[in-house]
Amino acid sequence: MKTRKMVVLSLMVSLALAISVLELSIPIPIPIPGARLGFSNIIILTVICMYDFKSSITVSILKSVLLMLVTGSVSSFLYSFVGSLLSTFTMYLSVKFLQKYLTLVGVSEIGSFFHNFGQILVASFVMDNISIFYYLPMLIIIGIFTGFFVGISTNFLTQHFHKIIRGTI
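Residues numbered from 1 in each chain as written. Predicted model: local features only at pLDDT ≥ 70, side-chain atom pairs only at ≥ 80, totals over all residues. Heavy atoms only, no water.

**So, the packing of aromatic side chains**
Then, in step 1: Evaluation of the coordinates by the stated rule reveals 7 aromatic pairs.
Then, in step 2: For the pair Phe-39 and Phe-149, a centre-to-centre distance of 4.9 Å together with 55° between the ring planes defines the contact as tilted. Taken together, the positions of Phe-39 in the loop between α1 (2-24) and α2 (41-50) and Phe-149 in helix α6 (residues 136-166) put the pair 110 residues apart, joining distant regions of the chain.
Then, in step 3: For Phe-39, a relative accessible area of 21% corresponds to the partly exposed category.
Then, in step 4: Aromatic rings pair up to connect Phe-113, Phe-114, Phe-117 and Phe-133 into one cluster. (Phe/Tyr/Trp six-rings, centres within 6.5 Å; stacked < 30°, edge-to-face > 60°. Helix = DSSP H or I, 4+ residues; strand = E, 2+ residues; numbered from the N terminus. Buried < 20%, exposed > 50% of the residue type's maximum accessible area, 1.4 Å probe, protein only.)

**Here's the deal with the confidence of the model for the protein chain**
Then, in step 1: For the protein chain, per-residue confidence averages 88 on the pLDDT scale, and 93% of positions sit at 70 or higher.
Then, in step 2: Looking at the elements of the protein chain, mean pLDDT is at its lowest for α6, recorded as 87, and at its highest for helix α3 (residues 53-71), recorded as 94. (pLDDT = per-residue confidence, 0-100.)

**Brief notes about the packing of α1 against α3**
Then, in step 1: In contact at an axis separation of 9 Å, α1 and α3 are set at 45° when each is read in the N-to-C sense. Between α1 and α3, the interaxial angle falls into the category oblique. Here α1 and α3 pass one another in a crossing that is right-handed. Between α1 and α3, the contacting residues are Lys-5, Leu-9, Met-12, Val-13, Ala-16, Leu-17, Ser-20, Val-21 and Leu-24 on the first element and Ser-55, Val-59, Leu-62, Lys-63, Leu-66, Leu-67, Val-70 and Thr-71 on the second.
Then, in step 2: In the contact of α1 with α3, the residues fall into 12 nonpolar, 3 polar and 2 charged. (Axes fitted to C-alpha atoms, helices over the stretch in contact; angles between N-to-C directions. Parallel < 35°, antiparallel > 145°, perpendicular 65-115°, else oblique. Left-handed = near helix turned anticlockwise from the far one by under 90°. Contact = heavy atoms within 4.5 Å. Nonpolar A, V, L, I, M, F, W, Y, C, P; charged D, E, K, R; others polar.)

**Some words on the nonpolar core**
Then, in step 1: Judged by nonpolar contacts, the single largest core of 18 residues is most densely connected at Met-12, Leu-45, Ile-48, Val-59 and Met-91.
Then, in step 2: The set of elements that each furnish at least two residues to this core consists of α1, α2, α4 (74-98) and α5 (104-127).
Then, in step 3: By residue number, the principal contributor to this core is α2, which donates 6 residues.
Then, in step 4: Ranked by size, the runner-up nonpolar core spans 6 residues in total, among them Ile-132, Tyr-135, Leu-136 and Leu-139. (Core = buried A, V, L, I, M, F, W, Y, C linked by side-chain atoms within 4.5 Å.)

**Side note on unusual backbone geometry**
Then, in step 1: A positive phi is found at Asp-128, a non-glycine position, where the angle reads about 50°.
Then, in step 2: Looking at the secondary structure, you find Asp-128 in the loop between α5 and α6.
Then, in step 3: Judged by relative accessible area, Asp-128 falls into the exposed class, the value being 72%.

**What about the packing of α3 against α4?**
Then, in step 1: For the pair α3 and α4, interaxial distance at closest approach is 9 Å and the crossing angle is 165°. Between α3 and α4, the interaxial angle falls into the category roughly antiparallel. The interaxial crossing formed by α3 with α4 has right-handed handedness. Contacts between α3 and α4 involve Phe-53, Ser-56, Ile-57, Ser-60, Ile-61, Lys-63, Ser-64, Val-65 and Met-68 from the former and Val-74, Phe-77, Ser-80, Phe-81, Ser-84, Leu-85, Thr-88, Phe-89 and Tyr-92 from the latter.
Then, in step 2: Split into classes, the residues belonging to the contact of α3 with α4 amount to 11 nonpolar, 6 polar and 1 charged.

**Some points on the pattern of salt bridges**
Then, in step 1: Counted by the stated rule, this structure contains 1 salt bridge.
Then, in step 2: For Lys-5, the salt bridge is made with Asp-52, and the minimal N-O distance between the two is 3.7 Å. With Lys-5 in helix α1 and Asp-52 in the loop between α2 and α3, this residue pair connects regions lying 47 residues apart in the sequence.
Then, in step 3: Lys-5 gets classed as partly exposed once you look at its relative accessible area, which sits at 28%. (Salt bridge = Lys/Arg side-chain N within 4 Å of Asp/Glu carboxyl O.)

**Some thoughts on the side chain of Thr-146**
Then, in step 1: Within the secondary structure layout, Thr-146 lies in helix α6.
Then, in step 2: The exposure class of Thr-146 is buried, given its relative accessible area of 12%.
Then, in step 3: Contact partners of Thr-146, with chain neighbours within four places excluded, come to Leu-37 and Ser-112.

Set out below in structure tokens:
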């Protein structure tokens, strides 16, 4: 069983990395620097729902590190890494403690907010300028739409993933 979990998590890291790389080639119609769609969070949230915190944080860290190695963008690594860790942590807590009050869309929205907050927090330290937080509302508005899509996609994916694990497909 341990080998199966390791294989599945390795595939999840690969999927998250592939989605992140693909996402870099998608032009965003709104000219906001650093804004991305965050579709790799579908995989992270799926791992949170299917496994434990350690597994989800491992997938999140590996995705960020491998994305840096694949793209060569060391400068954006810190933003991605902190946002991803904060997002994964808050989504895990939301699933664990607020599952009866929230759907996966709500959990994804919380993760989206904290991912954006983490990126702005890093930017304020890197630029040594607290006024960068004025940029946060624009990122949150974009995050509302992408968080909705991530939550719906994760709901669909986890339902089918459960069927695969039970062997009914």
